[in-house]
Amino acid sequence: MKVKEHMSATQLKKILNERKHLNEEEAKYLSITLERNLENITPPKTYEKSHYTYHSDDAVFYSIAYGRPDPYFRFIFLNDRFIVGVGVDRPNIELDFRNNLNKPTEQDQREVINQLFDIVENADIFLLECMNRDNTTIEFVK
């Protein structure tokens, strides 16, 4: 699998618009968040590079928030069936499937985990480099 990085904001917004049928509210919120962050940073590429957008052919994984004072990170994972909120509090990951029109089966959950870790393990994901399938606890929110 080829993992690419630094998808442009235009490409990411297009994917969000194409996948609104998965979770319309979340897709709109993510588009608005992306636009606001881009407005506040010059040049716009800085936002994308600092937030490390990684993607393969069908999946996209990018950061949207950081918590303080403890390092808690919020990401979005998109594939062709779900928009999944990903909360990372190493070594724990919370996968939030709420509000998707498709309800995830156990097979869907395994597929999301596999796609997510394919990206994490095959790209230089900041702050997640020590995480892998074996040392991470995963909790599902439906």
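These figures come from a predicted structure and were not determined experimentally.

**Student:** Is there a simple way to think about the pattern of salt bridges in this case?
**Tutor:** Working definition: two side chains of opposite charge can pair if their charged atoms are close together. Summed over all chains, the structure comprises nine salt bridges. For Glu-35, the salt bridge goes to Lys-13, with nearest N and O atoms at 1.8 Å. Of this pair, Glu-35 sits in helix H2 (residues 24–39) while Lys-13 sits in helix H1 (residues 9–18), and the two are 22 residues apart along the sequence. Note on Lys-13: relative accessible area 24%, which makes it partly exposed.

**Student:** Explanation requested: the side chain of Asn-23 in the structure shown.
**Tutor:** Tracing the backbone shows Asn-23 in the loop between H1 and H2. The exposure class of Asn-23 is buried, given its relative accessible area of 4%. Beyond its immediate chain neighbours, meaning those up to four positions away, Asn-23 contacts Ile-83, Arg-98, Asn-99 and Asn-100.

**Student:** What exactly am I supposed to notice about the nonpolar core here?
**Tutor:** A general trend in soluble globular proteins is that nonpolar side chains are found buried together. Formed by 23 residues in total, the largest nonpolar core has its most connected members in Phe-61, Phe-77, Val-84, Val-86, Val-88 and Leu-95. If you list the elements that add at least two residues to this core, you get strand S4 (72–78), strand S5 (83–89), strand S6 (92–96) and helix H4 (106–122). In terms of residues, this core owes the most to one element, H4, which gives six residues. Val-84 has contacts with Phe-75, Ile-76, Phe-77, Leu-95, Asp-96, Phe-97 and Val-112, leaving out every residue within four places of it along the chain. Within the second largest apolar cluster, 15 residues are counted, among which are Ala-9, Ile-15, Leu-34 and Tyr-62.

The rules we used
- Residues numbered from 1 in each chain as written.
- Predicted model: local features only at pLDDT ≥ 70, side-chain atom pairs only at ≥ 80, totals over all residues.
- Heavy atoms only, no water.
- Salt bridge = Lys/Arg side-chain N within 4 Å of Asp/Glu carboxyl O.
- Helix = DSSP H or I, 4+ residues; strand = E, 2+ residues; numbered from the N terminus.
- Buried < 20%, exposed > 50% of the residue type's maximum accessible area, 1.4 Å probe, protein only.
- Contact = heavy atoms within 4.5 Å.
- Core = buried A, V, L, I, M, F, W, Y, C linked by side-chain atoms within 4.5 Å.

Take it as geometry only, folks, not as evidence of what the structure does.
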